[in-house]
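Breakdown of the fold
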Amino acid sequence: SSNRLPALQCKCLHGSAGITWVENIPAGACRPCALGQISPAGTLCEDCVPGRYAGSSGATSCDECPPGRYAGSFGTPSCEECRPGRYKAVFGSTTICDECPPGRYAGTFGATSCDECRPDRYTDQHGSVECKALDNRLGVVLGFFLVGLFLLSTSFLVLSGRRASQRGLNLHRAPVLHFDNISQAIRDPQRPGGQAPPQGALHSRSSE
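Residues numbered from 1 in each chain as written. Predicted model: local features only at pLDDT ≥ 70, side-chain atom pairs only at ≥ 80, totals over all residues. Heavy atoms only, no water.

1. Comments concerning the overall build of the protein
Threshold: Helix and strand definitions here come from DSSP, where helices need a minimum of 4 consecutive H or I residues and strands a minimum of 2 consecutive E residues; each element is numbered from the N-terminal end. The buried label goes to any residue with under 20% of its type's maximum accessible area, the exposed label to any with over 50%, and the partly exposed label to all in between, with areas taken from a 1.4 Å probe on protein chains only. Contact between two residues is taken to exist if any of their heavy atoms lie within 4.5 Å; hydrogens are not considered.
Of regular secondary structure, the protein possesses three helices and 17 strands. Among the 208 residues that make up the protein, the fraction classed as buried is 18%. The long-range fraction of contacts in the protein, counting pairs at least 24 apart against all pairs at least 6 apart in sequence, stands at 34%.

Okay, here's the thing in structure tokens:
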């Protein structure tokens, strides 16, 4: 009718989009922006740019992706986690996560850095999720070397002990000259042990 007020066009609240028409009584036509979108002016919803996301409806701003995640497209509701073997150390990344270099690994999702392999393990590939054990052949060679070194040192100690024992035994067996042996040797130096000759031998010598 002619008594009706003209329709008024009003902006929606931030985070919503559309137009509110007021005709005698308020009539809401605003709708919240979907996930991955925002409405700074309250008129149109806009997609979040790469590297940012909006995780709730009616958001008024987009948040940066944290380290360990990235968003490579517009209108992202959430950032994608780095897969194992990859990492991302910066905020707001728009590219896929970087691979771990050789010698390092990332064994979990959303890694912000790569861990270094332990001294007894290694990895010679990019994007490793774990480190490999060192080659068993190296351990075998090292084991043989240690066993050989042990046997060599043991043999040296045994040989040294035998030589020392032999020297002590020779000293123990050395002849000892007693006074009786010395006197007998003086009486007859040609007889072993200084023993006196039989009586018959003495008579035969005197008769000569």
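2. Details of the state of the cysteines
Threshold: In plain terms, two cysteine sulfur atoms within 2.5 Å form what is called a disulfide here.
This model, assessed by the stated rule, comprises six disulfides. With its sulfur 2.0 Å from that of its partner, cysteine 48 forms a disulfide with cysteine 62. Across the disulfide from cysteine 48 to cysteine 62, rotation about the S-S bond amounts to roughly -85°, and the bridge is consequently left-handed. In this pair, cysteine 48 is assigned in the loop between strand S7 (46–47) and strand S8 (52–53) and cysteine 62 in the loop between S8 and strand S9 (63–64), connecting sequence segments 14 residues apart. Comparing cysteine 48 with cysteine 62 shows no difference in burial state: the two are buried.

3. Brief notes about the pattern of salt bridges
Note the threshold: Salt bridges, as used here, are contacts in which a Lys or Arg side-chain nitrogen is within 4 Å of a carboxyl oxygen on Asp or Glu.
A full pass over the atoms with the stated rule returns four salt bridges. As a salt-bridge pair, arginine 86 and glutamate 99 come within 3.4 Å of each other at their nearest N and O atoms. Taken as a pair, arginine 86 in strand S12 (residues 86–87) and glutamate 99 in strand S13 (residues 98–99) lie far apart in primary sequence, 13 residues in all. Residue class for arginine 86 comes out partly exposed when judged on its relative accessible area of 24%. The exposure class assigned to glutamate 99 is partly exposed, which follows from its relative accessible area of 39%. In this structure, arginine 118 and aspartate 120 form a salt bridge, with 3.2 Å as the shortest nitrogen-oxygen distance.

4. Re the environment of isoleucine 96
Position of isoleucine 96 among the secondary structure elements: in the loop between S12 and S13. Sequence separation between isoleucine 96 and tyrosine 70 is 26 residues, and the spatial gap between their C-alpha atoms is 6.6 Å. The contact partners of isoleucine 96, leaving out residues within four places of it in the chain, are Tyr70, Arg86 and Lys88.

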